[in-house]
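Chain and residue survey
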Amino acid sequence: MDSLNAVALAEIFSNADVFILIFVRILGTIVITPIIGGSNIPAMVRIGFSLALASIVFYSGNVTFTEYTDNVYGYGVLIFKEFVVGITIGFVVYLVLNISYFAGHFTDQQIGFSMVSVYDPITQEQVPISGNLYYFLLCVLLIVTNGHHFIIKSLFYSYKAIPIGSAQIFLNGKLVSVFFGLAIDFFAIGFSIALPVIAIILIIDLVLGILIKTVPQINVFVVGMPAKVFVGLMAVMLIVPMFSGITNIFYQEISDAVLNVIKVMMS
């Protein structure tokens, strides 16, 4: 066993330039992908996980190499390019999962929690309290349904589809179109998740408007704000059990987006 490990390490060291390029692409994805990486994971864990995946990819036989300028500058450009490829794949997953924050922002505005936010140590930003609930619930459900396996499989597939150094990233109009379409889906899905709360609060506003006209003595702020908070929270409690079905939509969106991004980087 020790001799086999020694041979494996010797092969990696003899092809260190290829191994580093594999490692850089994987690290770029791990750095930004929330489920399997992100800023909440310690740096040493992310690097170790990336090295482990890079070792598996290195011996998988899926890696092909393209020619590059045989000097420090040419190799440096190749490293940068591979890191951007990894960042691009990871950013797709990051963007889709952040739809939950967008939906939470809509929800909080309707309930009256727009001034309430929590500090998220993952993104290191102030995020909507409902969005934070949606986000963590979605991440848990994706892990339970093995959504993180797809992300890792996509990384392996990217080496077969996009040989090292051959990715078309810069000045790629098709890549811009994919992200533009993803942005449209971002708004559509986020608004759809928040739509039940928006509809219920709209009905409450109509009822309060009629009540004020009927009984002008009623103070709308005393009655309306607690009613919105109570009904809005009840609506959120009804939405949360539906996330098992919503997870399939997110999983399909991540799958389509990642595969489309890899496809357009091939051309």
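The preceding data block contains the structure.
Presented here is a report on the structure given in the accompanying data block. Computed from a predicted structure; not experimentally measured.

Taken together, the side chains of Phe 230, Leu 233, Met 234 and Met 237 make up a nonpolar region of the molecular surface, amounting to roughly 410 Å² of accessible area. Mapped onto the elements of the fold, Met 237 is located in helix α9 (residues 220–239). Overall, the relative accessible area of 53% leaves Met 237 in the exposed class.

So, about helix α2 (residues 16–32). Working note: α-helix, 3.6 residues per turn, so residues spaced by three or four point in the same direction. Taking 1.5 Å as the rise per residue, α2 with 17 residues should run 24 Å; its terminal C-alpha atoms sit 25 Å apart, in good agreement. Along α2, 13 of the 17 residues are buried, which leaves the element largely enclosed by surrounding structure.

Let's shift gears to the packing of aromatic side chains. Inspection of every chain in the model, using the stated rule, returns 10 aromatic pairs. For the pair Phe 102 and Phe 106, a centre-to-centre distance of 5.0 Å together with 85 degrees between the ring planes defines the contact as edge-to-face. Of the two residues, Phe 102 and Phe 106 both sit in helix α5 (residues 99–111), 4 residues apart, roughly one turn of that helix. The exposure class assigned to Phe 102 is buried, which follows from its relative accessible area of 17%. For the ring pair Phe 102 and Phe 187, a centre distance of 5.0 Å and an interplane angle of 90 degrees mean the geometry is edge-to-face. Taken together, the residues span a long stretch of sequence, with Phe 102 in helix α5 and Phe 187 in helix α8 (residues 173–214) at a distance of 85 residues. Each residue in the set Phe 102, Phe 106, Phe 186, Phe 187 and Phe 191 is aromatic and connected to the rest through ring pairs, giving one cluster.

Grouped together as the largest cluster of nonpolar side chains are 67 residues, with contacts concentrated most on Ile 22, Ile 26 and Leu 97. When near neighbours in sequence (up to four residues on either side) are disregarded, Ile 22 contacts Ala 54, Val 57, Phe 58, Val 63, Tyr 159 and Ile 164.

About the cut-offs
Residues numbered from 1 in each chain as written. Predicted model: local features only at pLDDT ≥ 70, side-chain atom pairs only at ≥ 80, totals over all residues. Heavy atoms only, no water. Patch = residues over 30% accessible without salt bridge, like charges linked within 9 Å, V, L, I, M, F, W, Y side chains within 5 Å. Areas by Shrake-Rupley, 256 points an atom, 1.4 Å probe, with all protein chains shown as cover. Salt bridge = Lys/Arg side-chain N within 4 Å of Asp/Glu carboxyl O. Helix = DSSP H or I, 4+ residues; strand = E, 2+ residues; numbered from the N terminus. Buried < 20%, exposed > 50% of the residue type's maximum accessible area, 1.4 Å probe, protein only. Expected span 1.5 Å × (residues − 1). Phe/Tyr/Trp six-rings, centres within 6.5 Å; stacked < 30°, edge-to-face > 60°. Core = buried A, V, L, I, M, F, W, Y, C linked by side-chain atoms within 4.5 Å. Contact = heavy atoms within 4.5 Å.

Any functional reading would require information beyond the geometric quantities listed.
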